[in-house]
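Examination of the molecular architecture
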Amino acid sequence: MKTWKSSIFSSRIIIIITVIALISASSFSAAHAQSQGKIISPRIVLLVNQNNFLPGNTLVTYGKSFPNDTLVVRIFDPSGKAVRIESIKADSSGAYSREIFTWPQPSMNFVFGRYIVEASSSIVPTYKESRTVSFSDIPSTGTLQSQSSMLFVKLDSPTEISVGKTFRIFVQVTFDGALVNVDDPNQLLSSSHIHSGNDTINLAGKFVKLHEGIYYADVKLDKEGTYIIHAMAYYRGFLSHDSKVVSSGSSIGEIQNSVNSLQAELDKTSHELNSTRSDITKAVDDARQAIKGDIDQAGASVNQLSQASGQINSIILPILALISVIIALQISLFARIRASFK
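In this text, all values refer to a predicted model and were calculated from it rather than measured experimentally.

A word on the nonpolar core. Membership of the largest hydrophobic core comes to 49 residues, with the highest contact counts inside it found for L59, W103, I169, V173 and L188. Apart from the residues within four sequence positions on either side, I169 is in contact with L155, D156, S157, L203, F207, Y215, Y216, A217, V219 and I229.

Next comes the structure, spelled out in structure tokens:
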């Protein structure tokens, strides 16, 4: 405990001495530049109390900026996301110093890796300075450490899938070259998901262990489109991920089946048309034969009528001649009777 307190006290003394030295150097440079008739272009000086941090360590930033400047200090995680934003007020000489952050236990939000500490001036926003620090579980050696361990995720899945049909994705997780063997893969891969536009499908609870370090999940997509599968693994404070783009639509087999079905329908329709054409041709031939028979029958009837007309004429003509003779005799008889009365 005494050693720990002594190291903190020593660090603070070093910080104070460094700040004083910076102020003195800056004042000397300014005086020298003014004596030479030069215009100073100040910049931000950003320093941190150490390069490597363990969980529970405190990050202290100090340095120099413009007099009475308000600096905005941001901490960016390995993915480039700002996880902490603080403001520090510089004194009348431009010096500043403040404890801004205590490193937590590693989690999905604070993973082991390299972080960037950035300070920017509110007087001249374009003036920025940054430092890279390491967050790990290995005690500091005084210099910036490379990443102590490596977590890797490898994702494999089909690139073309069919809508409404289940497909399988595989995820391999290794840590320092060894397969990560866990009993509950859904805790290891809890943040894995599939997204397309504003739609997100969470894969938590769907993973099953296939082999040590190899896990799979069965997924079904209900809409056509382009999807991004994002496999994320969190293990021992480290985060790693892998992505793959897949297209959801009709498969080649389904298209071929559709073409075959359409061809079968076309063949069936063609057969029905040929059958209908044959029926129509037969009906037309039957109609022609029936019309021809009707015409022949009408001709025979006309002939029969002609013959009957001739027979009628042969009977009527003698009768008409006889009637004419009778009329002539009556006329002659009337003439004689009339003559006798005279």
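Our focus in this paragraph is the pairing of strand β18 (residues 238–249). Bridge analysis of strand β10 (residues 160–162) against β18 gives three bridges, and the strand direction is parallel. Its bridge partner lying in β18, S162 is registered against G249. Judged from the 11 bridges that link them, strand β17 (residues 225–235) and β18 form a sheet pairing that is antiparallel. By the bridge assignment, Y227 is partnered in β18 with V246. Between β17 and β18, which follow one another and run antiparallel, lie two residues, and R236 among them has a positive phi close to 55°.

The subject of this paragraph is the pattern of salt bridges. Counted according to the given criterion, the structure contains five salt bridges. Taking the shortest distance from any N to any O, the salt bridge between R98 and E86 comes out at 3.6 Å. Residue R98 is located in strand β6 (residues 95–102), and its partner E86 is located in strand β5 (residues 82–89); the two are separated by 12 residues in the primary sequence. Classification of E86 by relative accessible area gives buried; the value is 17%. For the salt bridge of E129 with R131, the shortest nitrogen-to-oxygen distance reads 3.1 Å. Here R131 falls in the partly exposed class, since its relative accessible area comes to 29%. Residues joined by salt bridges that share partners form a network here, namely R84, E86 and R98.

Taken as a whole and assessed by the stated rule, the structure comprises 12 aromatic pairs. What links up through ring pairs into an aromatic cluster is the set F53, F101, W103, F110, F112, Y115, F135, F175, Y235 and F238.

This part covers the confidence of the model for the protein. Residues with a pLDDT of 70 or more make up 83% of the protein, whose mean pLDDT is 81. Across residues 1–9, confidence stays below pLDDT 50; counting only partners more than four residues off in sequence or on other chains, it has zero contacts. Low pLDDT, under 50, characterises residues 19–41; the stretch is placed with 14 contacts to residues that sit more than four places away or in other chains.

Parameters at a glance
- Sequence order as written defines the numbering, with residues in each chain counted from 1.
- In view of the model being predicted, local features appear only for residues whose pLDDT reaches at least 70, and side-chain atom pairs are presented and counted only at 80 or more, with totals across whole chains, interfaces and linings using the full set of residues.
- By convention in this description, side-chain values take in all heavy atoms of the structure and omit both hydrogens and water.
- Only buried Ala, Val, Leu, Ile, Met, Phe, Trp, Tyr and Cys residues count toward a nonpolar core, and they belong to the same one when joined by side-chain atoms within 4.5 Å.
- Only protein chains enter the accessibility calculation, which uses a 1.4 Å probe; a residue whose area is less than 20% of its type maximum is buried, one above 50% is exposed, and one in between is partly exposed.
- The contact criterion used throughout is that any non-hydrogen atoms of two residues lie within 4.5 Å.
- Should DSSP find at least two bridges between two strands, the strands are taken to pair.
- Only runs of H or I of at least four residues qualify as helices and only runs of E of at least two qualify as strands under DSSP, and these elements are numbered from the N terminus.
- A side-chain nitrogen of Lys or Arg and a carboxyl oxygen of Asp or Glu constitute a salt bridge if their distance falls within 4 Å.
- Ring pairs are drawn from Phe, Tyr and Trp, using the six-membered ring of Trp, whenever the two centres fall within 6.5 Å, and their geometry is named by plane angle: stacked under 30 degrees, edge-to-face over 60, tilted for the rest.
- Residue-level confidence of the predictor is what pLDDT reports, using numbers from 0 through 100.

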